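# Survey of secondary and tertiary structure
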Amino acid sequence: MIKLYMKKYIKWGGIALASPFILFIVLCILIYIPAIQNFIVDKATSYASQATGMNIHIQRISLSFPLNLVVHETTVTNPQDTLLNVEKLTVKIQLLPLVKKQIEIDGVELKNASVNTVDLIEGMSLQGNLGELFLKSHGVALTPETAVLNELTLKDAKLKLCLADTTAQDTTQSAPTFWKFKLEKIDLANVDFQMDMPLDSMNLGLKVGNASLRDGLVDLHKAAYSAKEFKLLRSGLYYNSGNTPPIEKGLDPSHIAVTDINLQMDSLYYQGNNIRALLHQFELKERSGLEIKSTEGQLQADEKAIRVPSLQIKTANSFLALKATIDWSVTEQNQDGVLNGQFMAEIGKADLFKLIPDMPQEFIQSFPAAPLQVRIGVDGSLSELKLSTCQVKIPDYFRMEMDGTVKNVLDSLSREGVINLNSDFYKMDFLSSLTGGVVIPSGMNIHGKAGMKGNDLFTETTLSQNEGKVQLNAEYNLLKEAYKADMQISELNLHDFLPADSLFYLSAGMQLEGAGTDIFSKRTTLTANAGLNHLQWGTR
């Protein structure tokens, strides 16, 4: 009898212990039955609609073993608008890795979705359409916080973000995150993104034809980002600021419109001051007609300095090259730092007048076809910076050169330096439409120097034209607004400068000394002496 009772207790005890597991298994089986799935979805959407005050509807849901979920025709609406509409969402996740706190996503696919947040988020609205989104991720581990994104594809998307910027800045400190993301393959095709900031009268947009990223890594804890390769092809960019309409001709910095962007970079890395990038290709066309045909270069930076070992930009008419090294310390107050660089450019006439479009047509037509050549070289530090060369010229027309040294560049009290100037003018008649009858004669040259010491400025300059000379020695104090000048003119033929007038040789002198520039102030003083030694006028 006791054995019979024991068997009975064991039997019912076993049933009681097994019931939760049996119930769990039954429930797991039931959720794979379509009728049960639809019942659960209807109840869940009903509760969610009541809680949010929105109308949430899912036409059909399909869940197959183990975790393959397909959701058809999801819509979220309010009385005014449709907030979300998704034609199809597919999620495929492996079941067993979840037990080990790992997530293996065989695929997440979203097709034909539209979103319109209206005023759900204060100060911001997002609206647009998404044609296709697919991602695959094998290697998401909750401990440690790592994720591998094997593939991400986005196609046929058009999104518009409006920022009203009415919300206060969130100053709450968030907990540190240690997530690392490995991005193996990301591809975008036909993606259009627009951002409007009406309070700042600014909007910008990016139209992506094709974009790809390979072997990227994002370390949120170290704020480090890297990629083996990045490409942006057949794309466009626009930027508008202010309420003024764009200028009809030339480059307008407030209204930039760029098309046919082709960009290819590799070996990318960014973490604070540590930066690396290798630029293989960069092409674009700007609304003004400015077109960059090719760009190649390198960027390297570490905790000490940022370096551009080489950078070359070519347009249809121009060429630019840059090589530079700048210590990060030059951006810090009371710190010295090395700064050296070489810049070379040959700017074609067509490109030049795209940058300065508002010039008289007569001047544009008479401007030399030869390129404007620019050479600049600097070397040293903020404590002593040497301008080794600064040359601007158009061969056979003019040449201007400067060199010199400036000490204590950023210290307004102890700053001092001298810059030497040598200029020769050969053929300057192309300026006649701008000078109003004044001519820069052939053979004229200007030589001299200009300098500073603290708040004191000075210049010693000589203008020579054939046997004529103009000598100018001048001083000026920035704080006191005090000035002194001595100008001597010797046998200068004015007819070379004013061919329409009947003035010829001039010899004269003038001295000025004073302080202040406000003629109505009692503190303004001026003492002037002038003398005329010789002036010739009339016809020859």
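What comes next is a walk through the structure. (Residues numbered from 1 in each chain as written. Predicted model: local features only at pLDDT ≥ 70, side-chain atom pairs only at ≥ 80, totals over all residues. Heavy atoms only, no water.)

### Quick notes on the overall build of the protein chain
When helices and strands are counted, the protein chain shows five helices and 26 strands. Restricting to contacts in the protein chain with at least 6 residues of sequence separation, those with at least 24 account for 47%. Summing over all exposed atoms, the protein chain offers an accessible surface of approximately 33,300 Å²; the carbon and sulfur share of this is 59%. (Helix = DSSP H or I, 4+ residues; strand = E, 2+ residues; numbered from the N terminus. Contact = heavy atoms within 4.5 Å. Areas by Shrake-Rupley, 256 points an atom, 1.4 Å probe, with all protein chains shown as cover.)

### Here we look at the pairing of strand 20 (residues 416-425)
With ten bridges connecting them, strand 19 (residues 398-407) and strand 20 associate as antiparallel partners. Within strand 20, the residue paired with Arg399 across the bridge is Asp424. Relative to strand 21 (residues 445-453), strand 20 is paired through nine bridges, and the arrangement is antiparallel. Opposite Asn422, over in strand 21, you have His447 as the bridge partner. (Pairing = 2+ DSSP bridges.)

### Things to note about the pairing of strand 16 (residues 339-347)
Both strand 15 (residues 319-327) and strand 16 contribute to a ladder of eight bridges, which runs antiparallel. Looking at strand 16, one finds that Leu322 is bridged to Phe343. Relative to strand 17 (residues 372-380), strand 16 is paired through seven bridges, and the arrangement is antiparallel. Residue Glu346 lies in a different strand from strand 17, and its bridge partner there is Gln373.

### Notes on the pattern of salt bridges
Within the structure shown, the criterion is met by 13 salt bridges. Ionic pairing is found between Lys111 and Glu109, a salt bridge with its closest N-O pair at 3.7 Å. Its relative accessible area of 33% is what places Lys111 among the partly exposed residues. On the accessibility criterion, Glu109 (22% relative accessible area) is partly exposed. Salt bridges here are not isolated pairs; linked through shared partners, they connect Arg399, Glu401 and Asp424. (Salt bridge = Lys/Arg side-chain N within 4 Å of Asp/Glu carboxyl O. Buried < 20%, exposed > 50% of the residue type's maximum accessible area, 1.4 Å probe, protein only.)

### Some details on the packing of aromatic side chains
Within this structure, the stated rule accounts for eight aromatic pairs. Seen in terms of ring centroids, Tyr225 and Tyr270 are 6.3 Å apart; in terms of plane orientation they differ by 20°. Their pairing is stacked. Linking Tyr225 in strand 10 (residues 224-241) with Tyr270 in strand 11 (residues 255-271), this pair joins segments that are 45 residues apart in sequence. For Tyr225, a relative accessible area of 37% gives the class partly exposed. Residue classification places Tyr270 among the partly exposed residues on the basis of a relative accessible area of 43%. Residues Phe367 and Phe430 carry aromatic rings whose centres are separated by 5.4 Å and whose planes lie at 75° to one another, so their mutual orientation is edge-to-face. (Phe/Tyr/Trp six-rings, centres within 6.5 Å; stacked < 30°, edge-to-face > 60°.)

### Looking at the side chain of Ser423
Its location among the elements puts Ser423 in strand 20. Judged by relative accessible area, Ser423 falls into the buried class, the value being 2%. What Ser423 contacts, discounting residues up to four positions off in sequence, is Arg399, Met400, Met444, Asn445, Ile446 and His447.

### A closer look at unusual backbone geometry
Although it is not a glycine, Ser201 adopts a positive phi angle of roughly 50°. Residue placement: Ser201 occurs in the loop between strand 8 (180-197) and strand 9 (202-219). Residue Ser201 is classed as partly exposed on the basis of its relative accessible area of 26%. Even without being glycine, Ser267 reaches a positive phi, approximately 55°. Checked against the element boundaries, Ser267 lands in strand 11.

### Quick word on the side chain of Asn150
Here Asn150 lies in the loop between strand 6 (146-149) and strand 7 (151-163). What makes Asn150 buried here is its relative accessible area of 16%. Polar side-chain contacts of Asn150 include one of 2.5 Å to the backbone nitrogen of His138. Side-chain polar atoms of Asn150 contact the side chain of Glu184, separated by 3.0 Å. Not counting residues up to four positions away in its chain, the partners in contact with Asn150 are Lys136, Ser137, His138, Glu184 and Lys185. (Polar contact = N/O pair within 3.5 Å; in protein donor to acceptor, adjacent residues only side chain to side chain.)

### Here's the deal with the nonpolar core
Core analysis: the largest hydrophobic core is formed by 26 residues, its most contacted members being Phe367, Phe398, Phe430, Leu463 and Leu492. Looking at this core, the elements with two or more residues in it are strand 16, helix 3 (349-355), helix 4 (361-366), strand 17, strand 24 (482-493) and strand 25 (503-515). Beyond its immediate chain neighbours, meaning those up to four positions away, Leu463 contacts Met444, Asn445, Ile446, Gly468, Lys469, Val470, Leu492 and Phe497. Membership of the second largest hydrophobic core comes to 25 residues, among which are Ala113, Val208, Val258 and Leu263. (Core = buried A, V, L, I, M, F, W, Y, C linked by side-chain atoms within 4.5 Å.)

### With respect to a nonpolar patch on the surface
Residues Phe181, Leu220, Tyr225 and Tyr270 make up a contiguous nonpolar surface patch of roughly 350 Å² in combined accessible area. Position of Leu220 relative to the elements: it lies in the loop between strand 9 and strand 10. (Patch = residues over 30% accessible without salt bridge, like charges linked within 9 Å, V, L, I, M, F, W, Y side chains within 5 Å.)

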